[in-house]
Amino acid sequence: MTFEDDELYRDITGFAQDTPTWVQHAVEVWTEAGILLFGALFVAAWWRARRGSPRAFAIAALAPVATAVAYVCSELLKSGFTQDRPCRAVAGAVPSLAECPPTGDWSFPSNHATIAGASAVTLALVRRAVIWLTAPLALLMAFSRVFVGVHYPHDVAAGLLLGALVAAAAVRLGTGPVTRLAEAMRASSAPAVRWLSGPGPAAAPVTAYVASHRRG
């Protein structure tokens, strides 16, 4: 499997070598820390959804699960394509900023980009407006993998697309069953289960309280 983006890879990694040291270090940190940031956003989405409808809670709970499914798919594809890393395969390229992964840790598609694409889309399904944050973060994370020299441009493009499509499909398929599960969890007699799923919309008991007093 070959793609015609060796020259683009050389251009990006050459540009990376010419950037200030602090920029290189910042991108090296971000290329791994981005996953932690998306993880924190998943936790925040779950916490907020605890006071939402069962369906909103279901989508928030499915977001990290769907992202994990996308990651597994990317790993399976890697095993099928067995494309070597550009930091070994591209002739005339400058040394990569990050350590080149060992042989057998294949390049196509990018796991990081897959996770980024999946995270961006699923978080946007939880709350649409957040796409203005998650999309740039995902693109930056994908670009950083080429910048540090461990992926081809086509690796990260495929990863973003794969992650977005697989995760969106997983959320769509799982929303119905998980919504019913959320309803059952909120009706559970176990305090830990009710805490995990949250109390649901706060307006419901207030409305009931006002209505009962009006009747009185």
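Described in the following lines is the structure provided in the data block.

Parameters and conventions
Residues numbered from 1 in each chain as written. Predicted model: local features only at pLDDT ≥ 70, side-chain atom pairs only at ≥ 80, totals over all residues. Heavy atoms only, no water. Helix = DSSP H or I, 4+ residues; strand = E, 2+ residues; numbered from the N terminus. Contact = heavy atoms within 4.5 Å. Areas by Shrake-Rupley, 256 points an atom, 1.4 Å probe, with all protein chains shown as cover. Lys, Arg positive; Asp, Glu negative; His and termini not counted. Charge placed at Lys NZ, Arg CZ, Asp CG, Glu CD. Axes fitted to C-alpha atoms, helices over the stretch in contact; angles between N-to-C directions. Parallel < 35°, antiparallel > 145°, perpendicular 65-115°, else oblique. Left-handed = near helix turned anticlockwise from the far one by under 90°. Nonpolar A, V, L, I, M, F, W, Y, C, P; charged D, E, K, R; others polar. Expected span 1.5 Å × (residues − 1). Buried < 20%, exposed > 50% of the residue type's maximum accessible area, 1.4 Å probe, protein only. Phe/Tyr/Trp six-rings, centres within 6.5 Å; stacked < 30°, edge-to-face > 60°. Patch = residues over 30% accessible without salt bridge, like charges linked within 9 Å, V, L, I, M, F, W, Y side chains within 5 Å. Salt bridge = Lys/Arg side-chain N within 4 Å of Asp/Glu carboxyl O.

## Concerning the overall build of the chain
And then number 1: Tallying secondary structure elements over the chain gives nine helices and zero strands in all.
And then number 2: Counting helices and strands in the order they occur from the N terminus, the chain gives α-α-α-α-α-α-α-α-α.
And then number 3: Dimensions along the principal axes, computed over C-alpha positions, put the chain at roughly 85 × 35 × 25 Å.
And then number 4: A separation of at least 24 residues holds for 80% of the contacts in the chain among residues at least 6 apart in sequence.
And then number 5: Surface exposure of the chain reaches about 11,500 Å², of which carbon and sulfur atoms provide 68%.
And then number 6: Charged side chains in the chain number 17 positive and 14 negative. The centres of these two groups are separated by 28 Å.

## Description of the packing of helix H3 (residues 54-81) against helix H5 (residues 111-126)
And then number 1: Closest axis-to-axis distance for the H3/H5 pair is 9 Å, and the angle between their directions is 155°. Between H3 and H5, the angle falls in the class roughly antiparallel. For the element pair H3 and H5, the recorded crossing hand is right-handed. Residues Ile-59, Ala-60, Ala-63, Ala-66, Thr-67, Ala-70, Tyr-71, Ser-74, Glu-75 and Lys-78 of H3 form the contact with H5, whose participating residues are Asn-111, Thr-114, Ile-115, Ala-118, Ser-119, Thr-122, Leu-125 and Val-126.
And then number 2: Taken together, the residues that form the contact of H3 with H5 break down as 10 nonpolar, six polar and two charged.

## Some points on helix H1 (residues 6-18)
And then number 1: For H1, built from 13 residues, the straight-helix expectation of 18 Å at 1.5 Å per residue is met to within 8% by its first-to-last C-alpha distance of 19 Å.
And then number 2: All of the buried residues in H1 are Tyr-9, Ile-12, Thr-13, Gly-14 and Ala-16.
And then number 3: Turning to H1, the residues buried within the fold contact helix H2 (21-49), helix H4 (86-89), helix H6 (131-147) and helix H7 (153-186).

## Some thoughts on the packing of aromatic side chains
And then number 1: By the definition in use, this model includes seven aromatic pairs.
And then number 2: With centroids separated by 6.3 Å and ring planes inclined at 80°, the aromatic side chains of Phe-15 and Phe-147 adopt a geometry described as edge-to-face. Here Phe-15, found in helix H1, pairs with Phe-147, found in helix H6; they are 132 residues apart in sequence, far enough to count as distant.
And then number 3: When its relative accessible area of 3% is taken as the criterion, Phe-147 is described as buried.

## Remarks on the packing of H5 against H7
And then number 1: Interhelical geometry of H5 versus H7 gives an angle of 40° and a closest axis separation of 6 Å. In terms of axis orientation, H5 runs oblique to H7. Seen from above, H5 lies across H7 with right-handed handedness. For the pair H5 and H7, the contacting residues are Ala-113, Thr-114, Ala-116, Gly-117, Ala-118, Val-121, Thr-122 and Leu-125 in the first and Val-156, Gly-159, Leu-160, Leu-162, Gly-163, Ala-164, Ala-167, Ala-168 and Val-171 in the second.
And then number 2: A per-class count over the contact of H5 with H7 returns 12 nonpolar, five polar and no charged.

## With respect to the environment of Cys-73
And then number 1: With respect to the helices, strands and loops of the structure, Cys-73 is situated in helix H3.
And then number 2: Once the C-alpha coordinates of Cys-73 and Gly-39 are considered, the two residues, 34 residues apart in sequence, prove to be 19 Å apart.
And then number 3: Cys-73 has contacts with Leu-162 and Val-166, leaving out every residue within four places of it along the chain.

## Focus on a nonpolar patch on the surface
And then number 1: Residues Trp-47, Trp-195 and Leu-196 make up a contiguous nonpolar surface patch of roughly 350 Å² in combined accessible area.
And then number 2: When you line up the elements, Leu-196 lands in helix H8 (residues 191-197).

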